[in-house]
Amino acid sequence: MVIVSDHACDRCLQACPTEQCNKKVIDSGDGTYRCEKCGKDFNSFKWRMILSMNLADFTESTWATCFSDGGEALLGVSAQELGDMKVNDEDGFNRVFEAAMFKPQILKMRVKTDTYNDETRLKTVCVAVSPVNWKEYNKKLVEDIHKLAAL
């Protein structure tokens, strides 16, 4: 699959620094960040990714969400690096996404039905990303051709 396009809004968010939480924090304006889930104030936060992307292969395209672990593998940068670029280097931030567009990847997806406002729809989440092993892929194609030729 390849990334065809992405939603540009809120690709990175400031999240709770605790290991188990990962919820969005609120900037208090005094140098502290409040996590409503934990009910605590922190002096720092960690960057997290929430990427909404249109992914396509030769059969179809679909919108999917990719969180920090998958997003880091897909984009080739950490959430912290991407968040820092968002603040300090917007051109570099945009180049990261441009470099990931139309780059073949193998994606493992989780799909489930979700109901929102009495409307049922599919919710697709990327759970794993790996690069295409072209040698193995070509070997499989040759095997498939031989199977078809034997028919």
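Attention in this report is confined to the structure presented alongside it. (Residues numbered from 1 in each chain as written. Predicted model: local features only at pLDDT ≥ 70, side-chain atom pairs only at ≥ 80, totals over all residues. Heavy atoms only, no water.)

### Quick notes on a nonpolar patch on the surface
- Together, Trp134, Tyr137 and Leu141 line one region of the surface with nonpolar side chains, adding up to about 320 Å² of accessible area.
- Mapped onto the fold, Trp134 is located in helix H4 (residues 134-149). (Patch = residues over 30% accessible without salt bridge, like charges linked within 9 Å, V, L, I, M, F, W, Y side chains within 5 Å. Areas by Shrake-Rupley, 256 points an atom, 1.4 Å probe, with all protein chains shown as cover. Salt bridge = Lys/Arg side-chain N within 4 Å of Asp/Glu carboxyl O. Helix = DSSP H or I, 4+ residues; strand = E, 2+ residues; numbered from the N terminus.)

### Re the sheet that holds strand S5 (residues 40-42)
- Pairing is antiparallel across the open sheet formed by 3 strands, whose spatial order is S3-S4-S5. The open sheet has two edge strands with one neighbour each: strand S3 (26-27) and S5.
- Sheet topology places S3 next to strand S4 (residues 33-35); 2 bridges connect them, and they run antiparallel. Residue Asp27 lies in a different strand from S4, and its bridge partner there is Tyr33. (Pairing = 2+ DSSP bridges.)

### Some remarks on the nonpolar core
- With 22 residues, the main nonpolar core has Leu51, Met53, Leu74, Leu75 and Leu82 as its most contacted residues.
- Considering every element that reaches this core, the biggest residue donor is strand S6 (residues 46-56), with 5 residues.
- If you look at the next biggest cluster of nonpolar residues, it comprises 6 residues, including Cys16, Cys21, Cys35 and Phe42. (Core = buried A, V, L, I, M, F, W, Y, C linked by side-chain atoms within 4.5 Å. Buried < 20%, exposed > 50% of the residue type's maximum accessible area, 1.4 Å probe, protein only.)

### Here's the deal with helix H1 (residues 68-75)
- Here H1 has its buried residues at Ser68, Gly70, Gly71, Leu74 and Leu75. Buried residues along H1 cover an arc of 160° about the axis, so they all sit on one side.
- Among the residues trailing H1, Gly76 stands out with phi positive, at a value near 80°. (Arc of directions from axis to C-beta.)

### Topic: H4
- If you check H4, its first and last C-alpha atoms are 22 Å apart, about what 16 residues at 1.5 Å a residue would give, namely 22 Å.
- In this structure Asn133 caps H4, since a side-chain oxygen of it lies 3.2 Å from the backbone nitrogen of Lys135. (Expected span 1.5 Å × (residues − 1). Polar contact = N/O pair within 3.5 Å; in protein donor to acceptor, adjacent residues only side chain to side chain.)

### So, unusual backbone geometry
- Phi is positive for Asn117, close to 55°, though the residue is something other than glycine.
- Mapped onto the elements, Asn117 comes out in the loop between strand S8 (105-116) and strand S9 (119-131).
- For Asn117, a relative accessible area of 65% corresponds to the exposed category.

### Side note on the pattern of salt bridges
- Scanning all chains against the criterion turns up 3 salt bridges.
- The shortest N-O distance in the salt bridge between Glu36 and Arg34 comes to 3.7 Å.
- When its relative accessible area of 27% is taken as the criterion, Arg34 is described as partly exposed.
- Asp41 is the partner of Arg34 in a salt bridge, and the nearest nitrogen-oxygen pair spans 3.6 Å.
- For Asp41, a relative accessible area of 48% corresponds to the partly exposed category.
- One network of salt bridges, in which partners are shared, links Arg34, Glu36 and Asp41.

### Describing a positive patch on the surface
- A cluster of like positive charges, contributed by Arg110, Lys112, Arg121 and Lys123, occupies part of the molecular surface.
- On the secondary structure map, Lys123 appears in strand S9.
- What makes Lys123 partly exposed here is its relative accessible area of 41%. (Lys, Arg positive; Asp, Glu negative; His and termini not counted. Charge placed at Lys NZ, Arg CZ, Asp CG, Glu CD.)

### Regarding the packing of aromatic side chains
- Summed over the entire model, instances satisfying the criterion amount to 4 aromatic pairs.
- Residues Phe93 and Phe97 carry aromatic rings whose centres are separated by 5.3 Å and whose planes lie at 65° to one another, so their mutual orientation is edge-to-face. Of this pair, Phe93 and Phe97 both sit in helix H3 (residues 90-100), separated by 4 residues, roughly a single helical turn.
- Judged by its relative accessible area of 7%, Phe93 is buried.
- You can call Phe97 buried: its relative accessible area is 6%.
- Between Trp134 and Tyr137 the ring centres are 5.8 Å apart and the planes differ by 80°, which places this aromatic pair in the edge-to-face class. (Phe/Tyr/Trp six-rings, centres within 6.5 Å; stacked < 30°, edge-to-face > 60°.)

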